Amino acid sequence: MKKYPNIIILGPTATGKTKLAALTASKIKGEVISADSRQVYKDMNEGTGKDLIDYVIDGKIIPSHLIDIVEAGSQYNIFDYQRDFIRAANDILARNKNIVVCGGSGMYLEAALGLYKLIEAPIDDLFRAEAANLSNLDLTEMLKTLRPLHNTTDITDRQRLLRAIEVARAENSTNNQHSKNHEHPVTAENSLIFGIDFPREVIRRRITERLKQRMENGMLNEVENLLNKGLKAEELIYYGLEYKYITLHLTGKISENEMFSLLNTAIHQFAKRQMTWFRRMEKKGLKINWLDGVSGTERNAEIISSLFYSN
């Protein structure tokens, strides 16, 4: 039985989450699981802000999970993440280590907390072959027998209708191994959640300064190398923010000055959306213990470890 709670560290971009998570993990004999939607990709380091050097504490590398696990160019989804998160969390617990989850992707953080019941519902070719002889009305009646029709768009488009039936059938399957939330090793009930907060003007300055530093560290070269390896421009644009605007610049769509200005603005907007998501998490009943970022990483790591052991 786990003696201590799990630790969740969240916050908007450029607040120093990685360093705080690694330092906290070093104090509580823990390992870090990333809750970032893009850090799963290999060869995407500066653009995703992996800050791998931050995992080195007192000359020792703090173990981290769900970073660099899939090839750039692939599309990794929230179901993939929750599946891999459960595996990583169980592995950490099996070795009597403690879990420190770190990230700024609200949906991935909620998936890490087991707040979604994500069902694996692969395309069913046999069902689709049989459904070819059925009308949309027939398929709608079939969907009604599986679940209530909350989303009318599911029945106005045939492809959405077919997919809705596949998902509903998977949800209703008692054999689906991912449908039991109690199997999730990390929950809101067994976790302490901490958020890093800075004054708005400080966040704005940190975002811009960090962007300049990442540019100096070779973020343009990173994206150019990905294009040279064969990734298509649209594949990189799919990943958004840094990869979108740098790709647009490298393909001649915008100038370097336009790239920096547009990207800087987009990251500021992204940080606001992150905070909106975190506030919504609180409204849904999750208690977030907000830490003053100005106090410094060492001080906040002491606060977290103190509360960890007192619980």
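Here, the structure is the one placed above.
Everything numeric here is computed off the predicted structure, so don't read it as measured data. (Residues numbered from 1 in each chain as written. Predicted model: local features only at pLDDT ≥ 70, side-chain atom pairs only at ≥ 80, totals over all residues. Heavy atoms only, no water.)

Caption draft 1: Highlighting the overall build of the protein. What the protein contains, in helices and strands, is 13 helices and eight strands. In terms of overall dimensions, the protein is globule-like: its C-alpha atoms have a radius of gyration of 22 Å, near the 19 Å expected for 311 residues. Its C-alpha atoms put the protein at 65 × 55 × 35 Å along the principal axes. Across the 311 residues that make up the protein, the buried fraction comes to 48%. By sequence separation, contacts in the protein at least 24 residues apart represent 75% of the contacts at least 6 residues apart. When the accessible area of the protein is evaluated, it comes to approximately 16,000 Å², of which 49% is carbon and sulfur surface. When the 42 positive and 40 negative side-chain charges of the protein are each reduced to one mean point, those points stand 5 Å apart. (Helix = DSSP H or I, 4+ residues; strand = E, 2+ residues; numbered from the N terminus. Rg over C-alpha atoms; globule rule 2.2 N^0.38 Å. Buried < 20%, exposed > 50% of the residue type's maximum accessible area, 1.4 Å probe, protein only. Contact = heavy atoms within 4.5 Å. Areas by Shrake-Rupley, 256 points an atom, 1.4 Å probe, with all protein chains shown as cover. Lys, Arg positive; Asp, Glu negative; His and termini not counted. Charge placed at Lys NZ, Arg CZ, Asp CG, Glu CD.)

Caption draft 2: Representation of the environment of isoleucine 86 in the model. Looking at where isoleucine 86 falls in the secondary structure, it is placed in helix α2 (residues 78-94). Exposure remark for isoleucine 86: the relative accessible area of 23% places this residue in the partly exposed category. Once the C-alpha coordinates of isoleucine 86 and alanine 112 are considered, the two residues, 26 residues apart in sequence, prove to be 7.9 Å apart. Other than its neighbours up to four places away in sequence, isoleucine 86 contacts His184 and Pro185.

Caption draft 3: Quick look at the packing of helix α1 (residues 17-27) against helix α13 (residues 297-310). Contact geometry for α1 and α13: axes closest at 9 Å, N-to-C directions at 45°. Relative to α13, the element α1 lies oblique. Taken as a pair, α1 and α13 cross one another with a handedness that is right-handed. Together, Lys19, Leu20, Leu23, Thr24 and Lys27 of α1 and Thr297, Glu298, Asn300, Ala301, Glu302, Ile304, Ser305 and Tyr309 of α13 make up the contact between the two elements. Class assignment of the residues belonging to the contact of α1 with α13 gives a composition of five nonpolar, four polar and four charged. (Axes fitted to C-alpha atoms, helices over the stretch in contact; angles between N-to-C directions. Parallel < 35°, antiparallel > 145°, perpendicular 65-115°, else oblique. Left-handed = near helix turned anticlockwise from the far one by under 90°. Nonpolar A, V, L, I, M, F, W, Y, C, P; charged D, E, K, R; others polar.)

Nothing here speaks to function; it is geometry throughout.
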